[in-house]
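Here is how the chains run, residue by residue.
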Amino acid sequence: MSHLYQYQVRTSSKQEFVNIDEHIQDALSKSQVQNGLLVVYCPHTTAGITINENADPDVKTDLELGLNKTFPNDTEYVHMEGNSDGHMKSSVIGASETLIIEAGQPIFGTWQSVYFAEFDGPRARNVFIKIIEG
Amino acid sequence: MSHLYQYQVRTSSKQEFVNIDEHIQDALSKSQVQNGLLVVYCPHTTAGITINENADPDVKTDLELGLNKTFPNDTEYVHMEGNSDGHMKSSVIGASETLIIEAGQPIFGTWQSVYFAEFDGPRARNVFIKIIEG
Amino acid sequence: MSHLYQYQVRTSSKQEFVNIDEHIQDALSKSQVQNGLLVVYCPHTTAGITINENADPDVKTDLELGLNKTFPNDTEYVHMEGNSDGHMKSSVIGASETLIIEAGQPIFGTWQSVYFAEFDGPRARNVFIKIIEG
């Protein structure tokens, strides 16, 4: 039996961090796995998955500022779709995060949440969550 | 029984993204695992593994442009080998990617492929692929 | 039975890379797992885990230089704590690394070690190590 779950995430702007903790809780609840690993996977090449602070919303704002400043959409890019900055951010942030599951819950620090990171929205996106027991 | 496979990748320039989907298919075929996780691991400190678009080759070109612009080989670096930019990129891109395996295939988005990212080539490099059932 | 282990890491400056290979060896030794996956997880949002060179200490120095130059603590950041640069670096470096375990040891390249990457120290930090057999 494979503990695999698919969720939809709707983003509303070009760049956006969407908290997806509720999907992780849903997947854990359905799987009933107590101990193991959980992988959150983004099947898109202009988006990613990251873990960061959920307390002060200014942190999300600053991550967006910092990413735009560090990886600007430079005119020297040649890809015709004009979203090469999104592809860059996707490779830098990464397509997945792996969580440790203990007693049916992810081991999170006090301020940690998992975010779907949109870099070429707004779009309807997918997220896959796979849980392995062990 | 451990589903572990080793492959060689030959790079031909200082920075280069080499599509390694064929090695993933080979490992999956040999393992005969239907459901689980697959980890692609790079044992080098001036290279990495990333997932990005396989359709328009301009995306690879733009990733190379963007990485070189963001992480230049600055003269203030002190490491004698002169490849500190490659070490930077290695830590930013990351040493591995984790894929979800379902029905014997990786869950990829339409445009996703896995790339060996060379940051101090040309060299003969190694990639390890490990598959866990579950 | 869950092979989960917790370790403390004390950092002594704002930014610092602390080699944590000894904790990985301790976890492997306690688990007695011969083949599988090992996940090193950082439960903090201004720190991360990365793999890089352990031979020349100048590489660590250059990583610190490069990260500070690429992700400066810009005054346009709005988060009141003043550590938004640390949150940025945390998402870029990533919260975890996944290692392949074979014959009781991680598959490392000649120069690879695992580092706890502090981006808002000095602090007392935690690291979790989870091992899955397979």
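This report concerns the structure included in the present document.

1. Some words on the relation of the copies chain B and chain A
- Expressed as a screw transformation, the operator carrying chain B onto chain A has a rotation angle of 120° and an axial translation of 0.0 Å, and the superposed copies differ by an RMSD of 0.0 Å. A rotation of that kind, with that shift, is consistent with a three-fold axis. Taking C-alpha positions as reference, the residue of chain B nearest the rotation axis is B:Val92, located at 3.5 Å.
- Taken as a fraction of all interface residues of chain B, those also at the interface in chain A reach only 14%, which identifies the copy contact as different-surface.

2. Some words on the sheet that holds strand 8 (residues 124-133) of chain A
Residues and elements named next belong to chain A.
- A sheet is described by the order of its strands in space; here five strands give the open sequence 1-8-3-5-6, paired in antiparallel fashion. Strands with a single pairing partner mark the edges of an open sheet, and in this sheet they are strand 1 (3-10) and strand 6 (105-106).
- Packing against the sheet, helix 1 (residues 21-31) makes contact with strand 1, strand 3 (36-41), strand 5 (96-102), strand 6 and strand 8, and its axis sits at approximately 155° to strand 1.

3. What about empty space enclosed by the protein?
- By the definition in use, this model includes one cavity of 30 Å³ or more.
- The space that makes up the largest cavity amounts to roughly 310 Å³.
- Contributing to the lining of the largest cavity are 22 residues, with A:Ser96, B:Ile93, B:Ser96, B:Glu97 and C:Ser96 lying nearest its centre.
- Secondary-structure elements contributing two or more residues to the lining of the largest cavity are helix 3 (84-93) and strand 5 of chain A, helix 3 (84-93) and strand 5 (96-102) of chain B together with helix 3 (84-93) and strand 5 (96-102) of chain C.
- Here the residues of the lining of the largest cavity are counted per class, giving nine nonpolar, 10 polar and three charged.

4. Some details on the relation of the copies chain C and chain B
- Expressed as a screw operation, the relation of chain C to chain B combines 0.0 Å of axial shift with a rotation of 120°, fitting to an RMSD of 0.0 Å.
- Here only 14% of the contact residues of chain C are again contact residues in chain B; the copies associate through non-equivalent surfaces.

Here is what the cut-offs are and how they apply
- Residues numbered from 1 in each chain as written.
- Chains lettered and ligands numbered in written order.
- Predicted model: local features only at pLDDT ≥ 70, side-chain atom pairs only at ≥ 80, totals over all residues.
- Heavy atoms only, no water.
- Least-squares fit on C-alpha atoms with pLDDT ≥ 70 in both.
- Contact = heavy atoms within 4.5 Å.
- Pairing = 2+ DSSP bridges.
- Helix = DSSP H or I, 4+ residues; strand = E, 2+ residues; numbered from the N terminus.
- Axes fitted to C-alpha atoms, helices over the stretch in contact; angles between N-to-C directions.
- 1 Å grid on protein atoms, 1.4 Å probe; cavity = no way out; pocket = protein on both sides within 12 Å on 5 of 7 lines; lining within 4 Å.
- Points joined across faces, edges and corners; volume = space filled by probe spheres on them.
- Nonpolar A, V, L, I, M, F, W, Y, C, P; charged D, E, K, R; others polar.

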